[in-house]
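Listed below, chain by chain, are the residues.
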Amino acid sequence: MFCEIPDLLTPAEVAELRGLAARLRFVDGRVTNPDSQVKNNLQGDLGDPFHDQASKILRGALSRHPTFVAFAFPKLMAPPALSLYRPGMNYGAHADAAFLPISARPIRADLSCTVFLTEPDHYDGGELSVRLGTREVDFKPAPGAAVVYPSTTIHQVRPVTRGERLCGITFIESSIVDRTGRELLFELNEVLAEEGDKLSWDARTRLSHVATSLHRQWGDAG
């Protein structure tokens, strides 16, 4: 299951992130994955103070957005980073690493998130392409939108042939490890939120009991 969030960032935040990117030093993206044979992009230098500012904006937007919180059940989040693709760059088909050694305890990557920052008509190619069975689903939304998807999914960024593609990326460790359980609980909570007022109080209470009991059974708050 994919989660598309069209309004993760405000226009002001998009503008601020673009301004930070203009001053941020970008380095070879393989600095975080030196053995990759398919990664051909640039990423913000993690030691640059502008990276920290951009990361804070992205983290804040994700943490406050109710759809992201409801879908991801976030427990830990890798510091969001800016990624840049210029003509000829791409990121070939891959699945993201299981664990990221970026804190005292490695973060397990349950979900990956791409936040789009460039107008789609300002670059050709560069679609986020996520494999779904034998088909691929392409994403190229407007600036400020985000796509959240399982890190186990094979995906790629198609070659950019014109312009530049700027985006934010991060990885999330969910409090619910099991992907199926996480998605089912998201759907159940969504139905409760959308249809709860149409139910009798008893029926709503019973469904809420099921949802909280499943969250307690599947969740890992440690």
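Keep in mind that this is a model prediction, so the values were computed, not measured.

Here we come to the pairing of strand β6 (residues 81-85). On any regular strand, side chains alternate: one points to one face of the sheet, the next to the other face. Burial analysis of β6 places 5 of its 5 residues in the buried class, which makes it a mostly covered element. The two faces of β6 match: A81, S83 and Y85 on one face and L82 and L84 on the other face are all buried. Alignment of strand β4 (residues 42-44) against β6, held across 2 bridges, turns out to be antiparallel. Within the sheet, the bridge partner assigned to L42 lies in β6 and is L84. Where β6 meets strand β17 (residues 165-174), 5 bridges bridge the pair, whose relative direction is antiparallel.

So, about the sheet that holds strand β7 (residues 90-94). An order of β3-β7-β15-β12-β13 is seen for the 5 strands of this open sheet, with the pairing classed as antiparallel. Bordering the open sheet on either side are β3 (39-40) and β13 (135-139), each of which pairs with just one other strand. Sheet topology places β3 next to β7; 2 bridges connect them, and they run antiparallel. Within the sheet, the bridge partner assigned to N40 lies in β7 and is N90.

In this model, helix α2 (residues 49-64) (16 residues) spans 23 Å end to end at C-alpha, consistent with the 22 Å of a helix rising 1.5 Å per residue. Tucked inside the fold, the buried residues of α2 contact α1 (11-23), α3 (66-72), β5 (74-77), β6, β10 (111-116) and β17.

Let us look at the packing of α1 against α2. Two elements in contact, α1 and α2, have axes separated by 9 Å at closest approach and are oriented at 155°. With respect to each other, α1 and α2 are oriented roughly antiparallel. Helix-helix and strand crossings are classified by hand; for α1 and α2 the assignment is left-handed. Across from E13, E16, L17, L20 and R23 in α1, the residues of α2 making contact are F50, Q53, A54, I57, L58, A61 and R64. Split into classes, the residues belonging to the contact of α1 with α2 amount to 7 nonpolar, 1 polar and 4 charged.

Rules and cut-offs
- Residues numbered from 1 in each chain as written.
- Predicted model: local features only at pLDDT ≥ 70, side-chain atom pairs only at ≥ 80, totals over all residues.
- Heavy atoms only, no water.
- Buried < 20%, exposed > 50% of the residue type's maximum accessible area, 1.4 Å probe, protein only.
- Helix = DSSP H or I, 4+ residues; strand = E, 2+ residues; numbered from the N terminus.
- Pairing = 2+ DSSP bridges.
- Expected span 1.5 Å × (residues − 1).
- Contact = heavy atoms within 4.5 Å.
- Axes fitted to C-alpha atoms, helices over the stretch in contact; angles between N-to-C directions.
- Parallel < 35°, antiparallel > 145°, perpendicular 65-115°, else oblique.
- Left-handed = near helix turned anticlockwise from the far one by under 90°.
- Nonpolar A, V, L, I, M, F, W, Y, C, P; charged D, E, K, R; others polar.

Purely geometric stuff here, so don't read any function into it on its own.
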